[in-house]
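Commentary on secondary and tertiary structure
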Amino acid sequence: MSNAGRSRKEEAKDQVSSQNGIGLSDAQLSQPRRRMLDLVNRLHSTGVQVDIDLPQIAVIGSQSAGKSSLIESISGITLPRAAGTCTRCPTECRLSRSDNPWQCKVSLRFITDKDGQLLGQVRNETFGAVIYDKSEVEERIRRAQKAILNPSRPRKEFLDGGDDKSRATELSFSSNCVSLQISGPDVADLSFCDLPAVLDSGLIANVSSKGGHANDINLVEGLVTSYIKKQSCIILLTVTCETDFENQGAHRLAKQYDPEGKRTIGVLTKPDRIPEGDQIHWLPFIRNEREPLDNNWYCVKQPSSSDIQKKITWDKARKLEDDYFSMTPPWNELDTMYLKYLRTRNLVERLSSVLSDLIAKRLPEIQEELDRSTIKVRENLNSLPRPPSTDPANEVANLLYEFTADLHRHVDGIPGGDGLLQCIRTAQDRFRRTIRDTAPLFMPFERRKADGKVLQPPAFLKEDEDTGVVDGSGGRKAPAVARKTAHAERGEAEQTSSAASEGITASPSAAKKKKRTREEIVDNTGTIYVDEVFARAHKARTRELPGSYPFAVQKTFIIDVVKQWKDPALIYLQNVQTFMLAHTKELVREHFSEFGQGLLEQRVRAIVHHHLKECFKRAEQRVLWVLEMEEHPFTVNYHYLSEYKSNFLAYYKSARDKETRAEVTSQIESFDTQATVSPTPFNWTNTRNTQPFGGFSSFAELPAPGPTGIAKVLAGLTEMGIVGIKPQDLYRILPPDEMEPAINIMADVRAYFQVAYKRFSDNVPQAVDHELVRGVERDILKTLCIKLGTSGPSSEKICAELAQESPQICVVGQQSSGKSSLIESVSGITLPRAADSKGQPLGQARNEPFGATIYDKAEVEDRVQRAQRAILNPSVPRKQFLEGDMNDLPDPSELSFSRNVVSLSISGPEVADLSFCDLPGLIASVGSGRGASTDIGLVEGLVKSYITKPSCIILLTVACETDFENQGAYHLAKTHDPQGKRTIGVLTKPDRIPSGEEKGWIDFIRNEREPLENNWYCVKQPSSSDLKQELTWHDARRREEEYFAGTSPWSDLDPTFHKYLRTRNLVDRLSSVLSDLIAKRLPEIQEELEKSILETQRSLAALPPPPSADPFNDIAALIYDFTADLHLQVMGVPDRDGLLQAIGPIQQRFRAAIRRTAPAFVPFSLKSAPRFALPEIKFLENEDESPERRISVDETIPPESGVSVSVEVEEVDELDATARGMELIYVDEVYTRANEARTRELPGFYPFVVQQGFIAKIVEKWHRPALLYLQKVEKIMARKMKILVTKHFETFGQGVLEQRVRTIIHSHLKDCFERAEDRIKWLWNLEDIPFTLNHHYLSDYKEKFLIYYKAARAEVTLKNIATQIEAFAKASNSPPVASGPGSARYYVDPPEPTGIAKALKGLGEMGITGTKPEDIYKILPPDAMAPAINIMADVRAYFQVAYKRFADNIPLAVDQELVRGIERDLLKTLYARLGMNGPDGHRIVKELAMESPKIADKRQDLTKKLERLQIANNELMEIGM
């Protein structure tokens, strides 16, 4: 450092030392407090105050409230006093204690640009050199503030230039700030910020008069808010006593963001300016009685401006302040306890104390005892995350792998009440109950007669449903969940989950209601009465015969129910999403919280959250799709539907008969009670079974009761020979019920609901599980690695950064090093790019005009040549090629070929409307001096991009001077037009054919070599020298004629082939290709004139009608009729050739194919079992299934032989043949597999993976039948579409419309097929994990299969016992014998008690009642194969549930996406693809309606021919005459 510099510093040091202890510069502050303040100051020195919330003091107040004076007192510097600057931008002071001489660094901190837009990151600019003289600070700050308020002007202008105080600033206020960094031996460690003044409404004083803007109001208030809203900000609120408190808006902001006053310190300034008599209004603040604050209010008196101008010392200022408060009332009259709230000294001490206390809250408490502190520190150290790894890449990889494995474990399911699946199960059950509660509440009574009537819950649903809540009168509480709006349901779903049974009580007030409109079908309880159903059915009738009602009635009720399913389904999805978010967040915390400083955890959480969000979107789409499928009633589970309908029909009829036919019903029930006697000799009958098991020792003959009317009727019918009549059959003799159609509709709807809701309550959780729960782990490891960058080339660097605090990324590199690309990849934005000279795509086309418009054709060639040179030299300025001398341009060019294009836009009165492209010539090799090897591929790709288009006519030019085999253009044309229909060949340069090779080219003209449909042509064009001599095109054509006429071998050609020579013949051919095609279709001229006329007339009559006068409306009508006809087919027409009739058998075959995949379990071991035959599964006979074949196996067949049993069914097609073979699975194989699957389970426990394995093998067989079903339906659809298109469009125009519609329909059908295929694969994937909420069906089937397998096994292993039980069952089921008049019934005497009867009797005497004979098996020793039998029953039961669901879901999906999907948006698609609604719509429809050139020419030719023939005929007739 120079001597002058040292001298200046020494002078500054002397000046500082002479002013002892300015403000917080008091060096006597307590050391602990100073250490805390030093800590915050050091944190500020790091610059992190921009990113984190550091303790800081923000000084706010109204303008002229004394803020600046207070800050000067604290900091020891003088702020600018010029009007309009000191409060126009924030002024931040960072004070730090240092042993070096006093110094001040001024800098500008920009967070916004000149337009007030956020920069995205803070930019700090040093403003001038370091200041060592305090007297220079005020002027530097003033200039810095002006620089802030004039952001578009250079900073140096304000730093070095003159201070033009009269010039207005660009901005009135700015959120950018002036930062002062002051250090020195007597400077305290403190940070505070002086903010612009605010008023009660945020107004800035004198803004309008000073050139401010209206948005300054919001700017200043937002600026102040950005500071004081931080919890670590201490608000130093200055309030001047010379203005009413209510008019000072700074307090409003402080109150808003610190309502309890915990962070605010109030300061009353200018007490000497209080108006006389108003002092009493300010004393309550000091006593903290008015607007109380935790840290109280203070009052200070600072030196006035005149005092400062007199350079009064701060010691003198403090003395004057002490004298003022000691001698001036009412301040000197305050109670002693409040004196500590007066004077700057007390305020400064309080500020220091509050700031240090705030810092202290964030630091560990100092322990009183050293040992305890040491232990605590060690505990804290041990609890801290481990230090950065020495091998971060592997550690991050291990963490990611462990996280994904743990996630997989949670998704698969873990034991425990807080597991993911356990949490979801509650939502599943609630969802199922909610859907079940949407059941329509039908009442089989008229509304006017229903007052107080009770409909008992159906008994057949008690075992079917898992809940049943009935009110006190036996009626059901109206389900509320599905009746509520989505908003109400979200808050009250839990409260409504219990309303579920079928019992209904008619509302007393319902009968009193007046007649309602059609829309008011359901009352506020949700009850639907039979007369309302009947009314709706009548209103739905159109052309049906009396007594017939359309299915639309049932469909409307069903749709009303299905509409209620959307909200519960989406709520369930959202609930599962909530569980997933919570679980994944906790898993991320468990695995990554202790790694590094939390950056990895944060990034993984963000990635997983985004991944989960995408899964949620997919799940939502699938749920809505499943819901959409349910909008159209459908099922192939006819057995369940018909069984439910039968039950509900009987249920509704019985309830109605009890009311409308009470007397007859009473007699029938009384007769049944008297006629049926159920003896219970040993009290061991099953109370649920009306048939006794025993009755062998004490049955007495029961005397017949006296004949009743019913008995007489039955006896009379018996005498008539009519037997088997039940008392209930007498209902049929009664007159029909007029409401019977409505009862049938109610039973239909209620039965379908039972089928559909169970399917839907499975499908939605399955979809959510597949797409969201299991979807979250799908590709999660790959996603994490890619997005974290741990699998790329920079993985080591990235992992090292993740293992420690993340530094700021700064991308540096030389020009063209890829910086811009990297930034684009990371930020997702596109940076400006210059034209690339290396052939890289620009990303979008850029058009540049090349010169002015040309009006002279002679100038075109030169301009095009220059443009081509510019294209091939992309790094040279365009202007050089446009204006420079051609000889001075670069040669050779930078590029051999280019994809960039020279475009010529030519217009004029004789110019045709045409666009074409001259493509670069294909090259076989590239010379060393021209281009690069990649040019070959470039040019070939360019040519392909044109000729692959079907609308492109290929004019193939082949030079005769080169071997044909070496010209690749033909090979490309052959590849993309293999039949030569679009290609016209042209041989050029025939004058350059090497001598002796002419014969090879003549074969092309004869079309004997590489034949084309439009032949080959040969032309000779003028050479370049000819054109330079200004040879006219007329002379060029004349020379060509002379060449072909006088040059061998062209002149020697047969005259037949001369038409393929010369340019004019080629032009004629090009223009007449269409007419030649028409000529091929004209009838041959007949030898006899009359016959020719007749044939010509027939030909004219056979032509399509001429074009329509109103083609647009005609085509629109055709399209509408077509779509309407298609809609009828999709919805179903009563025709054996209908679309749905054709699909129906395919559905049944598909269901049969899935049913045939049932596992063939055998409850015997292969080696030890004798020859046996499994009995039929009788409980499946009534389920619309073919009885399962009795399986017979010979014990001599070895296991390795792969024994299978094939069901004898007629093979119809491939779908019927799928899954025909049933591979036998023996009980010992199941047992062995179960034992092999055990890991850490206790003895007797077997993991569920055994069942999963069997189920997975079954589900695997479903994929092919599903796809085959889809393919067959698609074929049916394609055939039907072809028929419909032909039917509606065949006779319009010349078939162009029909062809285009058929193409559009084909494409549309293909899209529908692909969507259906995607849905099928998705539904198939859903079945990967066994799942159902239909627990009743599953448990019922399992119990039945368990009994079936055990009974079959017992028949062999316990044959003697089984025989006794069977004999006992036959004896106990002996039928009653009718005897005597009136057909009275009695039971025969039972046989002597058997061993079983005695055992049952003994159990009864023991008090064990209700025991069945089959229960004897339970007393026997356990079967060693019981676990395997249980597994077999599990799998077989689940199959029954799952296959029926799958057999419905696949046809539903195909119907939704393919059958009904074909008409979705079809009308819009046809209009769009045909172009009818576009700007050229009318032109297009005219073209569609008009005759094609072929037909038009054909009509013209036929007409002319007919005229010619008729004229000839007339001539002949005249000649004949």
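Figured I'd write up the structure that's included with this text.

Definitions and cut-offs
- Residues numbered from 1 in each chain as written.
- Predicted model: local features only at pLDDT ≥ 70, side-chain atom pairs only at ≥ 80, totals over all residues.
- Heavy atoms only, no water.
- Salt bridge = Lys/Arg side-chain N within 4 Å of Asp/Glu carboxyl O.
- Helix = DSSP H or I, 4+ residues; strand = E, 2+ residues; numbered from the N terminus.
- Buried < 20%, exposed > 50% of the residue type's maximum accessible area, 1.4 Å probe, protein only.
- Phe/Tyr/Trp six-rings, centres within 6.5 Å; stacked < 30°, edge-to-face > 60°.
- Contact = heavy atoms within 4.5 Å.
- Axes fitted to C-alpha atoms, helices over the stretch in contact; angles between N-to-C directions.
- Parallel < 35°, antiparallel > 145°, perpendicular 65-115°, else oblique.
- Left-handed = near helix turned anticlockwise from the far one by under 90°.
- Nonpolar A, V, L, I, M, F, W, Y, C, P; charged D, E, K, R; others polar.
- Pairing = 2+ DSSP bridges.
- Patch = residues over 30% accessible without salt bridge, like charges linked within 9 Å, V, L, I, M, F, W, Y side chains within 5 Å.
- Areas by Shrake-Rupley, 256 points an atom, 1.4 Å probe, with all protein chains shown as cover.

**Re the pattern of salt bridges**
- Inspection of every chain in the model, using the stated rule, returns 49 salt bridges.
- Between Lys1342 and Asp1434 there is a salt bridge, with the nearest N and O atoms lying 2.9 Å from each other. Remark: Asp1434 occurs in helix 47 (residues 1426-1459) and Lys1342 occurs in helix 43 (residues 1335-1357); sequence separation between them is 92 residues.
- Owing to a relative accessible area of 19%, Asp1434 belongs among the buried residues under this scheme.
- Because the salt bridges share partners, they merge into one network encompassing Arg618, Arg622, Glu628, Glu771, Arg1315, Asp1318, Arg1319, Glu1457 and Arg1464.

**Here we look at the packing of aromatic side chains**
- Applying the stated criterion to the full structure yields 37 aromatic pairs.
- Ring geometry for Trp625 against Trp1322: centres 5.9 Å apart, planes inclined by 80°, an arrangement best described as edge-to-face. One end of the pair, Trp625, is in helix 19 (residues 599-629); the other, Trp1322, is in helix 42 (residues 1296-1326), and 697 residues separate them in sequence. Trp1322 carries the same exposure label as Trp625, and that label is buried.
- Relative to Tyr651, the ring of Phe648 has its centre 6.3 Å away and its plane inclined at 80°; by these criteria the two rings are edge-to-face. Taken as a pair, Phe648 and Tyr651 lie in helix 20 (residues 638-660) at a separation of 3 residues, close to a single helical turn.
- Overall, the relative accessible area of 0% leaves Phe648 in the buried class.
- Residue class for Tyr651 comes out buried when judged on its relative accessible area of 12%.
- By way of ring pairs, the aromatic residues Phe431, Trp565, Tyr572, Phe753, Tyr757 and Phe760 are connected into one cluster.

**A look at the side chain of Asn150**
- Tracing the backbone through its elements, the reader meets Asn150 in the loop between helix 4 (137-149) and helix 5 (155-160).
- Since its relative accessible area comes to 2%, Asn150 is described here as buried.
- Filtering out sequence-adjacent residues up to four positions away, Asn150 remains in contact with Phe158, Ala168, Thr169 and Glu170.

**Some words on the packing of helix 19 against helix 24 (residues 780-788)**
- At a minimum axis distance of 10 Å, the contact between helix 19 and helix 24 shows a crossing angle of 125°. Considered as vectors, helix 19 and helix 24 are oriented oblique to each other. Considering only the axes of helix 19 and helix 24, their crossing is right-handed. Contact with helix 19, carried on its side by Leu600, Arg603, Val604, Ile607, Val608, His610 and His611, involves Ile780, Thr783, Leu784, Lys787 and Leu788 of helix 24 and no other residues of that element.
- Residues that form the contact of helix 19 with helix 24 fall into these classes: 7 nonpolar, 3 polar and 2 charged.

**What to know about the sheet that holds strand 15 (residues 983-988)**
- Read from one edge of the open sheet, 3 strands run 14-15-16, paired in parallel fashion. Unpaired on one side and paired on the other, strand 14 (954-959) and strand 16 (1016-1018) mark the two borders of the sheet. Across the sheet, the mean angle separating the axes of adjacent strands is 25° when strand polarity is ignored.
- Its contacts with the sheet put helix 30 (residues 968-976) on strand 14, strand 15 and strand 16, and the angle it makes with strand 14 is roughly 155°.
- Across the sheet, helix 31 (residues 998-1005) is in contact with strand 14, strand 15 and strand 16; its angle to strand 16 comes to roughly 125°.

**A word on helix 24**
- When we look at burial in helix 24, the residues that qualify are Ile780, Thr783, Leu784, Cys785 and Leu788.
- Once helix 24 finishes, Gly789 follows within two positions and takes phi at roughly 80°, a positive value.

**Focus: a nonpolar patch on the surface**
- Together, Val860, Leu904 and Ile906 make up an exposed nonpolar region whose accessible area comes to about 280 Å².
- On the secondary structure map, Leu904 appears in the loop between helix 28 (878-883) and helix 29 (934-947).

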